[in-house]
Amino acid sequence: MLNSYFFNNFARILANFDMTIDSTIRPELTNRDAKILQHGELEDHAAQAQQTESQRLQQQAQGVLCPSCGTVNDPEAMFCASCGTPLRMGLCPNCGSEIDPEADFCEVCHHYIKADTCSFCGARMTETEVYCHECGNPRGGIVCPVCNTLNDFAFCKQCGTPLTEEAKALSDELHKLPDYQLLSEAANELVELNMQFPYTSERDVVRDQMNQKLRERVLLLLAKDKGVVNPVVPKNESHRMSKEELEKAKEDKIKLLTEILDRMAVPPLPSPVKVRNYAMAQKPGGVRLAWVCNWKHAMHSSPCGCAKPQLGGKWVILGKKNNQEIKDDNK
Ligand SMILES: [Zn+2]
Ligand SMILES: [Zn+2]
Ligand SMILES: [Zn+2]
Ligand SMILES: [Zn+2]
Ligand SMILES: [Zn+2]
């Protein structure tokens, strides 16, 4: 009787302490227990306990090890019980690809995948609701009135047009910021530089100088005809740059744009909707940009192509020669 009572307890202790039967468990036992331990009869039970232990170890082996804190989690766990790190991949309900459990968008098939969350405002939705009760937008997406692209998110991923009331308001708000104004000014200047042609040969230089002289002579004659005593010919505004000058000017402009874009980087925010909207609202027009997310530091054509934008990110300028791969370009 006493023995079986002890053996039950022993099994319990074993289950509580992650140890096999060895000296480490003995300090936990009373003298009497230790005496029984030495007893031959115990061996069967010890073997049994060891079996239980090996079963447990096997279970542990089947469990999921947390990559960030090392906790062994339940084999079925989606997130680490200690630190919350996602432990396994989810599956895209649309194409079946493996997908991060926190992702709301599949980067393989480019579909929004959260049936219970409005993609436009982040409000909870029941699976049967076709229109969001919070913002009124349709679950199936909005077609951009400017470029006809179907969009799951509040800004057009193709042309940047705000598609909802909130997006429009946010965009108006952000465009008042001094940094945004600097940004769009610099972006326009870069567009202009990109349209300029540099001198290509010495002949170009000579031809331009001749044209300049001719222009001055004509203007002087005209002024004399009008009776101006000491006519001053205004300098020609358009100054044609050499290839090097033009490249340097573009480089400087890109540097300035990059500085402003770095300042305007979107920090991690509580919801993917917020980051997408904030980033799209501050995107300047005219220049080629890519969105670099803080999740995988992947280049997307916009945060609308990122599965986990809630970690934040920033816009980067793509130069003409820049052939860095944009992850979600082939849609
Ligand atoms: Zn963990
Ligand atoms: Zn998919
Ligand atoms: Zn909504
Ligand atoms: Zn559009
Ligand atoms: Zn991303």
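Here is a short report on the structure shown in this document. Worth saying up front: this structure is predicted, and the values here are computed from it rather than measured.

### Re the coordination of the zinc ion (ligand 4)
Next, step 1: Coordination sphere of the zinc ion (ligand 4), protein contribution only: Cys144 (SG), Cys147 (SG), Cys156 (SG) and Cys159 (SG), at 2.2 to 2.3 Å.
Next, step 2: Site description for the zinc ion (ligand 4): donor spacing in sequence, C-x2-C-x8-C-x2-C. With cysteine 144 in the loop between β7 (142–143) and β8 (150–151) and cysteine 156 in the loop between β8 and α4 (165–174), this residue pair connects regions lying twelve residues apart in the sequence. Both residues of the pair, cysteine 144 and cysteine 156, count as buried.

### Side note on the coordination of the zinc ion (ligand 2)
Next, step 1: Listed as protein donors to the zinc ion (ligand 2) are Cys92 (SG), Cys95 (SG), Cys106 (SG) and Cys109 (SG); their distances from the metal cover 2.2 to 2.3 Å.
Next, step 2: Of note is the zinc ion (ligand 2), whose four donor atoms meet at the metal with angles of 107 to 113° in an arrangement that counts as tetrahedral.
Next, step 3: Sequence spacing of the donors to the zinc ion (ligand 2): C-x2-C-x10-C-x2-C. Note that cysteine 92 is positioned in the loop between β3 (90–91) and β4 (98–99) and cysteine 106 in strand β5 (residues 105–106), a separation of 14 residues in sequence. An identical accessibility class is assigned to cysteine 92 and cysteine 106; each is buried.

### Some points on α4
Next, step 1: Every buried residue of α4 is listed here: Ala167, Ser171 and Leu174. With its buried residues spanning 70° around the axis, α4 presents them on a single face.
Next, step 2: Buried positions along α4 lie against α5 (178–195) and α8 (272–281).

### Considerations on the environment of asparagine 188
Next, step 1: Tracing the backbone shows asparagine 188 in helix α5.
Next, step 2: According to the relative accessible area criterion, asparagine 188 is partly exposed, its value standing at 46%.
Next, step 3: Residues asparagine 188 and glycine 286, 98 residues apart in the sequence, show an inter-C-alpha distance of 6.8 Å.

### Section: the sheet that holds strand β11 (residues 313–317)
Next, step 1: An order of β10-β9-β11 is seen for the three strands of this open sheet, with the pairing classed as antiparallel. Each of the sheet's edge strands pairs with one partner strand only, and the pair in question is β10 (299–300) and β11.
Next, step 2: Strand direction decides the pairing type here: strand β9 (residues 289–293) and β10, joined by two bridges, are antiparallel. In the strand pairing of β10, valine 292 is matched with methionine 299.
Next, step 3: Across the sheet, helix α7 (residues 243–263) lies against β9 and β11, angled at about 170° from β11, the strand it touches most.

### A closer look at the nonpolar core
Next, step 1: Ranked by size, the top nonpolar core spans 40 residues in total, and within it Leu183, Leu257, Trp291 and Trp315 carry the most contacts.
Next, step 2: Within the residue set of this core, elements represented by two or more residues are α4, α5, α7, α8, β9 and β11.
Next, step 3: With five residues, α5 is the single largest residue contributor to this core.

About the criteria used
- As a convention, each chain's residues are numbered from 1 in the sequence order in which they are written.
- Key to labels: chains lettered from A, ligands numbered from 1, both in the order written.
- Only residues with pLDDT of 70 or above have their local features reported here, since the model is predicted, and side-chain atom pairs are shown and tallied only from 80 upward, although totals for entire chains, interfaces and linings are computed over all residues.
- Processing note: side-chain calculations cover all non-hydrogen atoms of the structure and skip hydrogens and water entirely.
- Each metal's donors are the N, O and S atoms found within 2.8 Å of it, except that Na, K and Ca use a 3.2 Å limit; water is left out, so coordination can look incomplete.
- Strands here mean DSSP runs of E at least two residues long; helices mean DSSP runs of H or I at least four residues long; both are numbered from the N terminus.
- We call a residue buried when its accessible area falls under 20% of the maximum for its residue type, exposed when it is over 50%, and partly exposed in between, using a 1.4 Å probe and counting protein chains only.
- Every geometry call rests on angle ranges, with four donors termed tetrahedral when all angles are between 85 and 135 degrees, four termed square planar and six termed octahedral when opposite donors are over 155 degrees apart and all others are between 65 and 115, and everything else termed irregular.
- As used here, the arc belongs to the directions running from the helix axis to the C-beta atoms.
- The criterion used for residue contact is that any of the two residues' heavy atoms lie within 4.5 Å.
- For two strands to count as paired, DSSP must find a minimum of two bridges between them.
- As a rule, the C-alpha atoms of each element are fitted with a line to give its axis, helices using only the stretch in contact, and angles between N-to-C directions run from 0 to 180 degrees.
- We call a set of buried residues a nonpolar core when its members are Ala, Val, Leu, Ile, Met, Phe, Trp, Tyr or Cys and they connect through side-chain atoms within 4.5 Å of each other.

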